[in-house]
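Fold and contact review
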Amino acid sequence: EDASYTYGALLAQKLEAELFLTAASGYGIYMNNSGKTDEPMPVLYELAQPARSKTLKWDHEKAHPNLIVINLGTNDNAAHAPADKVQEAVKAFLNRLITLHPQAKIVWTYGLMNQDYMETLRTAVEEVRKENSQVYFVELPSQSTFSSSTGAAGHPNAETHEKTADYLYPIL
């Protein structure tokens, strides 16, 4: 549970980029794996220190990324979130990111832990892409493609993160 071993951090190193990471176990794009919809990842994205304060907002003017990589949908699937609600949340979040960071390339990845919402997510991302060619969807192989074991609670292990970074690097 060290973010420096994640594929996001490893990609940042490969790309010689500064990493800003918003990550929290169990959160979804629309519904967290607890079944709650009141505080999904887009809510956390707006906060400076989500674990410490629900009122201290992140100042989006402090950083304007060239690349945003998203991996959401796994926890929505675990909670059996309605596909239409997931798609609405994907489109709303992507449009928020486009508003905040109009110069950024935005890449939605999905598939390491499960692939059940693949078409749900792909369809939503492709709808936004019709209006903004800087938005992409990348299907990730299942983590079993990269490693014969998993990390904590079925999450990808360090080997899978390393191989995922290697997989994504030429695409990005």
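The structure this text deals with has already been given above.
Here is a short report on the structure shown in this document. Note that the structure is a prediction, hence the values are computed from the model and not measured.

Cut-offs used in this document
- Residues numbered from 1 in each chain as written.
- Predicted model: local features only at pLDDT ≥ 70, side-chain atom pairs only at ≥ 80, totals over all residues.
- Heavy atoms only, no water.
- Pairing = 2+ DSSP bridges.
- Helix = DSSP H or I, 4+ residues; strand = E, 2+ residues; numbered from the N terminus.
- Axes fitted to C-alpha atoms, helices over the stretch in contact; angles between N-to-C directions.
- Contact = heavy atoms within 4.5 Å.
- Buried < 20%, exposed > 50% of the residue type's maximum accessible area, 1.4 Å probe, protein only.
- Polar contact = N/O pair within 3.5 Å; in protein donor to acceptor, adjacent residues only side chain to side chain.
- Phe/Tyr/Trp six-rings, centres within 6.5 Å; stacked < 30°, edge-to-face > 60°.
- Lys NZ or Arg CZ within 6 Å of the ring centre and 35° of its normal.
- Arc of directions from axis to C-beta.
- Parallel < 35°, antiparallel > 145°, perpendicular 65-115°, else oblique.
- Left-handed = near helix turned anticlockwise from the far one by under 90°.
- Nonpolar A, V, L, I, M, F, W, Y, C, P; charged D, E, K, R; others polar.

This part covers the sheet that holds strand E1 (residues 67-71). Pairing is parallel in the open sheet, where three strands are placed in the order E1-E2-E3. Whereas interior strands pair on both sides, the edge strands pair on one side only; in this sheet they are E1 and strand E3 (135-139). The average undirected angle you get between the axes of adjacent strands in this sheet is 20°. When strand E2 (residues 105-110) meets E3, the two strands line up parallel, connected through five bridges. By the bridge assignment for E3, Tyr110 is matched with Glu139. Its contacts with the sheet place helix H4 (residues 83-100) against E1, E2 and E3, and it is angled at close to 150° to E2. The sheet strands contacting helix H5 (residues 118-129) are E2 and E3, and the helix crosses E3 at an angle near 160°.

Moving on, we get to the environment of Ala124. Topologically, Ala124 is positioned in helix H5. A relative accessible area of 0% means that Ala124 is categorised as buried. Residues Ala124 and Ile98 lie 26 residues apart in sequence; the distance between their C-alpha atoms is 15 Å.

One can find Tyr27 in the loop between helix H1 (7-14) and helix H2 (41-45). Spatially, the C-alpha atoms of Tyr27 and Asn75 are 6.1 Å apart, while their sequence positions differ by 48 residues. The residues touching Tyr27, leaving out its near neighbours within four places in the chain, are Asn32, Glu39, Pro40, Met41, Leu44, Leu72 and Asn75. Separated by 3.4 Å, the side chains of Tyr27 and Glu39 make a polar contact.

What follows is about the packing of aromatic side chains. Inspection of the entire model under this criterion finds three aromatic pairs. Measuring from ring centre to ring centre gives 5.5 Å for Tyr45 and Phe93, while their planes differ by 85°; the resulting arrangement is edge-to-face. Highlighted residues: Tyr45 in helix H2 and Phe93 in helix H4, separated in sequence by 48 residues. For Phe93, a relative accessible area of 6% translates into the label buried. The ring of Tyr169 carries Lys14 above its face, with NZ or CZ at 5.6 Å from the centroid.

Here we come to helix H7 (residues 158-168). Considered for burial, the residues of H7 that qualify are Thr160, His161, Thr164, Ala165 and Leu168. Buried positions in H7, seen along its axis, are confined to an arc of 140° and lie on one side of it. On its buried face, H7 is in contact with H1, E2, E3 and helix H6 (143-146). One side-chain oxygen at the N-terminal end of H7 lies 3.2 Å from the backbone nitrogen of Glu159; it belongs to Asn157.

Attention now goes to the packing of H4 against H5. At a closest axis distance of 9 Å, the pairing of H4 and H5 adopts a crossing angle of 40°. Classified by the interaxial angle, the pair formed by H4 and H5 is oblique. Along this stretch, H4 crosses H5, giving a crossing that reads as right-handed. Contacts between H4 and H5 pair Ala83, Val86, Gln87, Val90, Lys91, Leu94, Asn95 and Ile98 from the former with Glu119, Thr120, Leu121, Thr123, Ala124, Val125, Glu127 and Val128 from the latter. A class-by-class count of the residues in the contact of H4 with H5 yields nine nonpolar, four polar and three charged.

This part covers H1. For H1, every residue scored as buried is listed here: Tyr7, Ala9, Leu10, Leu11 and Ala12. Those residues of H1 that are buried are in contact with E1, E2 and H7. Downstream of H1 by one or two residues, Glu16 has phi in the positive range, about 55°.

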